[in-house]
Amino acid sequence: MNILNLYGSTEAMPIGVECINQSGLFHLIPDSLFTYVRTADNRVAAPGERGDVIVSRIGWHVGHVFVPSYSSSIINYANGDSAMFLDEKCTCGYEGPSLGAIERSEPALNRADQSGCQVWE
Ligand SMILES: [Zn+2]
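Residues numbered from 1 in each chain as written. Predicted model: local features only at pLDDT ≥ 70, side-chain atom pairs only at ≥ 80, totals over all residues.

Colleague: Just checking my understanding: could you explain the overall build of the protein for this structure?
Modeller: A count of helical and extended segments in the protein gives zero helices and 11 strands. In sequence order, the secondary structure elements of the protein are arranged as β-β-β-β-β-β-β-β-β-β-β. Looking at the protein residue by residue over its 121 residues, the buried ones come to 20%. Taking the intrachain contacts of the protein between residues at least 6 apart in sequence as the baseline, contacts between residues at least 24 apart amount to 41%. (Helix = DSSP H or I, 4+ residues; strand = E, 2+ residues; numbered from the N terminus. Buried ≥ 20, exposed ≤ 12 C-beta atoms within 10 Å, placed from the backbone. Contact = placed C-beta atoms within 7 Å.)

Following this line, the structure appears as structure tokens:
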């Protein structure tokens, strides 16, 4: 049995799936959301550049069927992470864009008094 490590957020759900060959490298899930990396000077990051992770989701694909999000959609949402944008064929065979070296941009407050809930500043 293979266990996949997903990268995502509460708001955007799964954004990427960790590569089976390279720990910490997440291949983007392109069918259901748009993800890009925005540089500090507000450009779309070129391959190899670091910046803020920006996601948009208006629904989900279930197989080949698109199911719109009827409750909430997110457009150009900065999820508080920074990452390096990569766009090259991976050793696993994946040929789409990926995120690497993902880090939190904002510090977290550990609220041990609330069942381990973390609050992002
Ligand atoms: Zn890979």
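Colleague: Got a minute to help me understand the pairing of strand 9 (residues 98-104) in this structure?
Modeller: For a regular strand, the rule is simple: side chains alternate between the two faces of the sheet. Where strand 3 (residues 26-28) meets strand 9, two bridges bridge the pair, whose relative direction is antiparallel. Residue pairing for strand 9: Phe 26 is matched across the bridge by Leu 99. Here five bridges tie strand 8 (residues 74-86) to strand 9, and the two strands are oriented antiparallel to one another. Along strand 9, the bridge assignment pairs Met 84 with Gly 100. (Pairing = 2+ DSSP bridges.)

Colleague: Any chance you could explain the nonpolar core here in plain terms?
Modeller: A general tendency of soluble globular proteins is for nonpolar side chains to be buried together. Ile 15, Val 53, Val 55, Phe 85 and Leu 99 are the most contacted members of the largest nonpolar core, which totals 17 residues. Mapped by element, the contributors of at least two residues to this core are strand 3, strand 5 (50-57) and strand 8. Non-local contacts of Phe 85, meaning those with residues more than four positions away in its chain, are made with Val 37, Ala 45, Pro 47, Glu 49, Pro 97 and Leu 99. (Core = buried A, V, L, I, M, F, W, Y, C linked by C-beta atoms within 7 Å.)

Colleague: Any chance you could explain the pairing of strand 7 (residues 65-68) here in plain terms?
Modeller: For strand 6 (residues 59-62) and strand 7, the ladder comprises four bridges, and the chain directions are antiparallel. Within strand 7, the position partnered with His 61 by the bridge is Phe 66. Between strand 6 and strand 7, which pair antiparallel one after the other, the connecting turn spans two residues, and Gly 63 there sits at a positive phi close to 65°.

Colleague: Can you help me understand the sheet that holds strand 8 in this one?
Modeller: Reading across from one edge, 1-2-3-9-8-5-4 is the order of the seven strands in this open sheet, with antiparallel pairing throughout. The open sheet terminates on both sides in strands that have one partner only, identified here as strand 1 (6-9) and strand 4 (34-38). Looking at each pair of strands side by side, their axes are set apart by 45° on average, direction ignored. Pairing between strand 2 (residues 13-18) and strand 3: three bridges, direction antiparallel. Counterpart to Gly 16 in the pairing with strand 3 is Leu 28. (Axes fitted to C-alpha atoms, helices over the stretch in contact; angles between N-to-C directions.)

Colleague: Help me understand unusual backbone geometry, please; the structure alone is not making it clear to me.
Modeller: The backbone of Asn 42 sits at a positive phi, close to 65°, despite the residue not being glycine. With respect to the helices, strands and loops of the structure, Asn 42 is situated in the loop between strand 4 and strand 5. Its identity is not glycine, yet Asn 76 carries a phi of approximately 50°, on the positive side. Inspection of the secondary structure assignment puts Asn 76 in strand 8. In this structure Asn 76 comes out as exposed when scored by C-beta crowding, with 10 C-beta atoms within 10 Å.

In short, shape yes, function no, at least from these values alone.
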